[in-house]
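Observations on the three-dimensional arrangement
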Amino acid sequence: MNSCNGRVGSCVILILTKYYHADSAKVLESSLWRSSDYGTTYAKLNLMPGTTIVVTNFYICPTNKRKVILVSSSINEQDQMLFVSTDEGGSFQRQPLTFGVETLLFHPKEEDKLLAYSKERKLYVSTDLGRKWTLLQERVTKDRIFWSVAGVDVDPDLVHMEMQDTSGGFLYVTCHIQNCSDKMVTAQFLGKIDQNSLSVQDDYIFVKVTTGNRTKHYVSYRRNDFVQMRFPKYALPKDVQIVSTDENQVFLALQEWYQTDTYNLYASDPQGVYYSVALENVRSTKQPEENVLIDILEVRGIKGVFLANQKADGKVTTLITYNKGRDWDPLTPPATDMNGKAVNCKPPECHLHLHLRWADNPYVSGTVHTKDSAPGLIMGAGNLGSQLVEYKEEMYVTSDCGKSWRQRLLRGTHEDTRLPLRFSVDAGHTWNVHNFTSTSVFVDGLLSEPGDETLVMTEPCDSTLYSFIGHRSQMNCVCVFCPKGERCIMGQERSYRRRKDSAFCIKGKSFTSALTAKPCQCTERDFGCDYGFERAPSLKAEGDRCFADFWHDPDAPPEDCHLGHTYESSTGYRKVVSNVCEGGVNKQQSSKQHSCPLLPPRGLQLGIKGQMLSVAPGDDITFIVHQEQGDTTNTKYQVDLGDGVRAIYRNLTVTDEPIQHRYEKPGVYRVTVKAENAAGHDEATVYVQVHAPLQEVHLEVVPIAGRNQKVNLTAVVLPAATNLTVFYWWIGDNLQPTLSLESSIVARFPETGQVSVTVQASNGRSVVQDTRSVRVFDQFQVVPLSFSRNLDLFNPNIPEWRDDVGQVVTKILAKITGIPQESLVTMVKPGLPTTADLYVLPAESKTARRSVFVDKVAGATGRSRAHAARWRLNAQLCRVAGSRAAVAGPGVWALVVVLVIGLVVSGAFVLYKFKRSLPGRNVYAQMHNEKEQEMTSPVNHSEDTQNIIQGEEFIDDDLDSQTLGNRSWSHVPDLNPIEMFTVKNVQMLLS
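Positions within a chain are numbered from 1, following the residues in the order the chain's sequence is written. Owing to the predicted nature of the model, reporting of local features is limited to residues with pLDDT of at least 70; listing and counting of side-chain atom pairs is limited to 80 or more, with chain, interface and lining totals taken over all residues. Think of the side-chain values as coming from all heavy atoms in the structure, minus any hydrogens and water.

Per an unreviewed UniProt entry, the chain carries the name Sortilin related VPS10 domain containing receptor 2 and comes from Scleropages formosus. UniProt positions are given in the numbering used here, feature names are shortened, and annotations may be inferred rather than shown by experiment. UniProt, in its Sequence similarities (unreviewed entry) section for the chain, records the words "Belongs to the VPS10-related sortilin family. SORCS subfamily."

**Some remarks on the overall build of the chain**
The secondary structure content of the chain amounts to 6 helices and 73 strands. The burial tally for the chain puts 48% of its 991 residues in the buried class. A 1.4 Å probe and the Shrake-Rupley method give the accessible areas. Residues count as covered only by the protein chains that appear here. Total accessible area computed for the chain in this model is approximately 49,600 Å², and 49% of it derives from carbon and sulfur atoms. Note on conventions: DSSP H or I runs of at least 4 residues are helices, E runs of at least 2 residues are strands, and numbering of each starts at the N terminus. Think of it in three bands: with a 1.4 Å probe and only protein chains considered, a residue is buried below 20% of the maximum accessible area for its type, exposed above 50%, and partly exposed in between.

**Things to note about the state of the cysteines**
Disulfides are defined as pairs of cysteine sulfur atoms found within 2.5 Å of each other. Evaluated as defined, the whole model comprises 6 disulfides. Sulfur-sulfur distance for the disulfide between Cys 488 and Cys 520 comes to 1.9 Å. Taking the torsion about the S-S bond as the criterion, the Cys 488 to Cys 520 disulfide, at about -95°, is left-handed. On the criterion of sequence distance, the pair formed by Cys 488 in strand β40 (residues 488–489) and Cys 520 in the loop between β42 (514–519) and β43 (521–522) is long-range, its members being 32 residues apart.

**Here's the deal with the nonpolar core**
Residues grouped as a nonpolar core are buried Ala, Val, Leu, Ile, Met, Phe, Trp, Tyr and Cys residues, joined through side-chain atoms within 4.5 Å. Ranked by size, the top nonpolar core spans 30 residues in total, and within it Leu 713, Trp 729, Phe 749 and Tyr 839 carry the most contacts. Taken together, the elements giving at least two residues each to this core come down to β59 (696–700), β60 (704–706), β61 (711–718), β62 (726–731), β64 (744–747), β65 (753–762), β66 (767–777) and β68 (824–828). Counting 23 residues, the second-largest nonpolar core is a separate cluster that includes Ile 302, Leu 354, Trp 405 and Val 576.

**A look at the pairing of β66**
A pair of strands is considered paired only if DSSP assigns at least 2 bridges between the two. One ladder, built from 3 bridges, connects β60 with β66; its direction is parallel. Its bridge partner lying in β66, Ile 704 is registered against Arg 775. Across 10 bridges, the pairing between β65 and β66 is antiparallel. Each bridged residue has a counterpart across the sheet, and for Ser 762 the counterpart in β66 is Val 767. The hairpin formed by β65 and β66 contains 4 residues between the paired strands, and Gly 764 there has a positive phi angle of roughly 90°.

**Things to note about the sheet that holds β66**
In spatial order, the strands read β60-β66-β65-β62-β63; together these 5 strands make up an open sheet with mixed pairing. This sheet does not close on itself; its edge strands, each paired only once, are β60 and β63 (738–740). Put simply, the sheet's adjacent strands are angled 30° from each other on average, direction ignored. Angular values range over 0 to 180 degrees, each being the angle between N-to-C directions of two axes fitted as lines to C-alpha atoms, with helices fitted over their stretch in contact.

**Thoughts on the packing of aromatic side chains**
In summary, the pairing rule links any two rings of Phe, Tyr or Trp, Trp by its six-membered ring, whose centres are within 6.5 Å, and it sorts them by plane angle into stacked for under 30 degrees, edge-to-face for over 60 and tilted for everything else. One pass over the structure, following the stated rule, counts 18 aromatic pairs. Look at Trp 257 and Tyr 258: their rings are 5.5 Å apart centre to centre, the planes differ by 85°, and that puts the pair in the edge-to-face class. Owing to a relative accessible area of 54%, Trp 257 belongs among the exposed residues under this scheme. The class for Tyr 258 is partly exposed, based on a relative accessible area of 44%. A connected cluster of aromatic rings, assembled from ring pairs, spans Tyr 172, Phe 189, Tyr 218 and Phe 226. Its guanidinium or amino end placed over the ring of Tyr 573, Lys 587 lies 4.3 Å from that ring's centre, counting from NZ or CZ. Two limits define a charge over a ring: the Lys NZ or Arg CZ must be within 6 Å of the ring centre, and within 35 degrees of the ring normal.

**What to know about unusual backbone geometry**
For the bond running from Pro 347 to Pro 348, omega is 5°, close enough to zero to count as cis. Assignment of secondary structure puts Pro 348 in the loop between β30 (329–330) and β31 (351–354). Pro 833 follows Leu 832 through a cis peptide bond whose omega is 0°. With a phi angle near 60°, Arg 139 is a residue other than glycine that sits in the positive phi range. Positive phi outside glycine occurs at Cys 401, with the angle close to 60°. Among the residues examined, Cys 401 registers a relative accessible area of 0% and is labelled buried.

**Concerning the environment of Asp 327**
As for its placement among the helices and strands, Asp 327 is situated in the loop between β29 (315–321) and β30. Judged by relative accessible area, Asp 327 falls into the buried class, the value being 14%. Between the alpha carbons of Asp 327 and Asp 526 there is a distance of 9.6 Å; along the sequence they are 199 residues apart. Among the polar contacts listed, one links the side chain of Asp 327 to the side chain of Arg 326, at a separation of 2.7 Å. Polar contacts, as counted here, are pairs of nitrogen or oxygen atoms within 3.5 Å of one another; within protein the pair requires one atom able to donate a hydrogen and one able to accept it, and residues that are adjacent in sequence qualify only if both atoms are side-chain atoms.

**Let's talk about the pattern of salt bridges**
Each reported salt bridge corresponds to a side-chain nitrogen of Lys or Arg within 4 Å of a carboxyl oxygen of Asp or Glu. Tallying each qualifying case throughout the model produces 25 salt bridges. For Arg 772, the salt bridge goes to Asp 803, with nearest N and O atoms at 3.7 Å. With Arg 772 in strand β66 and Asp 803 in helix α2 (residues 799–817), this residue pair connects regions lying 31 residues apart in the sequence. Owing to a relative accessible area of 33%, Asp 803 belongs among the partly exposed residues under this scheme. If you follow the salt bridges from partner to partner, you end up with Lys 67, Glu 111 and Asp 112 in one network.

**Overview of the pairing of strand β25 (residues 275–286)**
As paired elements, strand β24 (residues 262–268) and β25 share 6 bridges and run antiparallel to each other. What sits directly across from Ala 267, in β25, is Ser 276. With antiparallel pairing between neighbouring strands as the criterion, β24 and β25 make up a hairpin whose turn holds 6 residues, including Gly 272 at a positive phi of roughly 75°. In the sheet, β25 pairs with strand β26 (residues 292–294) via 3 bridges, with the strands oriented antiparallel. Counterpart to Thr 285 in the pairing with β26 is Leu 293.

**Some remarks on α2**
Take the number of residues in a helix, subtract one, and multiply by 1.5 Å to get its expected span. The end-to-end C-alpha separation of α2 is 27 Å, in line with the 27 Å expected for 19 residues at 1.5 Å each. Regarding α2, the residues found buried are Pro 799, Trp 801, Arg 802, Val 805, Gly 806, Val 809, Thr 810, Leu 813, Ala 814 and Thr 817.

**Examining the environment of Arg 357**
Assignment of secondary structure puts Arg 357 in the loop between β31 and β32 (378–385). Assessed through its relative accessible area of 32%, Arg 357 is described here as partly exposed.

**Topic: the side chain of His 691**
Among the secondary structure elements, His 691 is positioned in the loop between β58 (680–690) and β59. A distance of 3.2 Å separates a polar atom in the side chain of His 691 from a polar atom in the side chain of Gln 689. At a separation of 2.9 Å, a polar atom in the side chain of His 691 contacts the main-chain carbonyl oxygen of Asn 763.

**Examining the confidence of the model for the chain**
Residues of the chain with pLDDT of at least 70 account for 71%, and the chain-wide mean is 75. The low-confidence segment residues 450–482 (pLDDT under 50) makes 153 contacts with residues lying over four places distant or belonging to another chain. The predictor's confidence in any single residue is recorded as pLDDT, a number from 0 to 100. By definition in these notes, contact holds between two residues if any of their heavy atoms fall within 4.5 Å.

In structure tokens, the structure reads:
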């Protein structure tokens, strides 16, 4: 414990100044200042002499304020580092980091434990005050990380977090900082939750789940099972904001389907499950980063007191409650102004209205100020009238928790730009002025010492500071304060010790404000409407009577009612939570006792731990059964796991016994759970996909297509035995894919040119992709090619092999024929037997011209006939084919076959040109009729190309080198030849 100038406590003050550049959204400069004499003098700290660093934030340990951590980086943000101090900033140790820190979170009880959230959405932990860091988890949601809560969570090293799974959904999980791997995290909620919905506050944990256009909100009380939060049946919430969770009750603001800039305030039962409306149409506003502010404020120092701004019929009015929302009253206006003159403001037409959480006018102070150490003292800015006015503001003070108000200090003018400090030591009765600078500055706010009875508010419009200064006082200058006239608040009469307004003295450090508390007798004001009931303000004759909503049956048993137990039907009233009144009126006394009937199971849910609906063979799966309503202790659960395994359980949802299983074979399994008792039954189903991850997908599509012609797009997936694969097809520049469960679709290309086609295959565990380009023409020609059946023995039927063979065939044909290679495309088709299509594209020039090859054919034949040449080759090629197993692989054979293609095609050209029979042995050419035809579709070929054999001419295969275009081969007699190649229906007519 330090001491300076007779002061008890720390004398150190740290101030961080930052220059924030709005355009770049970065902090460009920063300075850290330290005072060790409680602000009398300051020294600028130089953390790294000679190096410019930027301190973006600093954090103080809540359990040991001597420990301070600065988050900083180099000016170019390449080097990330921490500066750690254990002596209130007297000295710092530099700790380099391998990640960029976005936020730090101290452990609420253990001073050396830290959580760090990185800019890459990763969560790290340190147990030695930031010296060493361990990665806990990845894909964690920012601001959805919580340490364990003392007194509720058993393990202090437990961490609650919201994280994204591999499928993109979000889960609520917990883990221990010693081991937080994917296998060690525990899913605490059955199923996925909405992003940014996890909240851990005191005894309660909140999540929400949206399905379709409906959102369900769930709560766990003291770490018990999650239960759906019950709002009025037709509230249909668009958004829910938690306001308060202290004193065993949840206060929340709910925006209903018809509301835009207002919320309804609801109060819960102790478990946070059942909610009744406390106040309708509380004003709200949306702040930057989609944060929502609800204009309601809890008055500190006295429990159960709230202020709220209600917006109705376009008017905003301020209300106050002393019993946690059971009753709301407007603020009583002061009788006189600050000069003692009578105020012309009489209820019910005129009241006092205050700016609570914010103000639309940026020059308004914007908040009401209250403190725990100053019970009953409230200071705020506002106006008198029928409604709150944004650009009209005076300051008002109450010392009795809102029973009476005083006007103190009107807003100043814009003429004086100096910064005077106006302070009061007598609860605003009198004010003193102090100028501590002659420089014109803009004040963003002031920080008061924790524990002091000091309220500070700023008035930036005229740069004036208003402050109550309450010095620590001796016991002989303390008065007894009792708020409000009837003295009973939340069922008890409480008195507080507070420094007298006229006393200027020091209060001891151990001084406490609470003095006495004794219970009051209960009145009707201590009871609110129960769940399913509400007051009808239009029925004034009924007073405060609560009526059942049309959708609610007061005598219906609760959802947790079990056979053999009893329950009370609601009278429509329940005691306000945390109200401690005794005796007197009891609005719940006339409730009736009923025996719990056997309820049929309702809301049966079947899920998988981790939501892994798609698993690999052999993976362990844990099924979880949950039942929202109905009896569970007398219910039988029949489980069918879909692969022949069946089981029957008793009290399954009570014991939370997991159902573990493993599927060995791929497939889709239908898992069902049927809950049944004498009152009824319910059933839940889940489909589990079991398959290995996809390895690859290959897109099969013709390289050339005709405009507006049908084209088959086929995706070949490996492994081939994959089930329930979804295919996404992107064609051209269209960003909206076509979805299909079939691996093939038919498409049309309306424009000529090159079109990109992409297919993605997804089976829930993996996604693979392939892309191909298709060239679209108005006219082109197709020549079908077939190969010897011997080639099928070496065809591995894979895309790479087909592409390589097609490219080699194209090069050889282009070289032999003289046709430009860019005008030829060969596509070897998948499957067996091995076949191919040769695409002949139109010349790029607009001038119609024929190729050298077509000119030769046309000049030699003089007629439109096609020829198919079938050659029997010599024994040398037979020997090569026969020795494939020993020396030849698929690549070698591809080259051999292509060589044969070149020879045979050359021979076919000679036949066309010379039209003569060559005497020879057992080698012949079958002459087929050919009709000259222009091809516009890569799929359909004319029946004219399939003419029957018209005749045969015997042709000797012992051709000389001159005839074969300076190519030759050796002739080996008496060896069995092998048929290697056939050219069908050669069509080379160009426009």
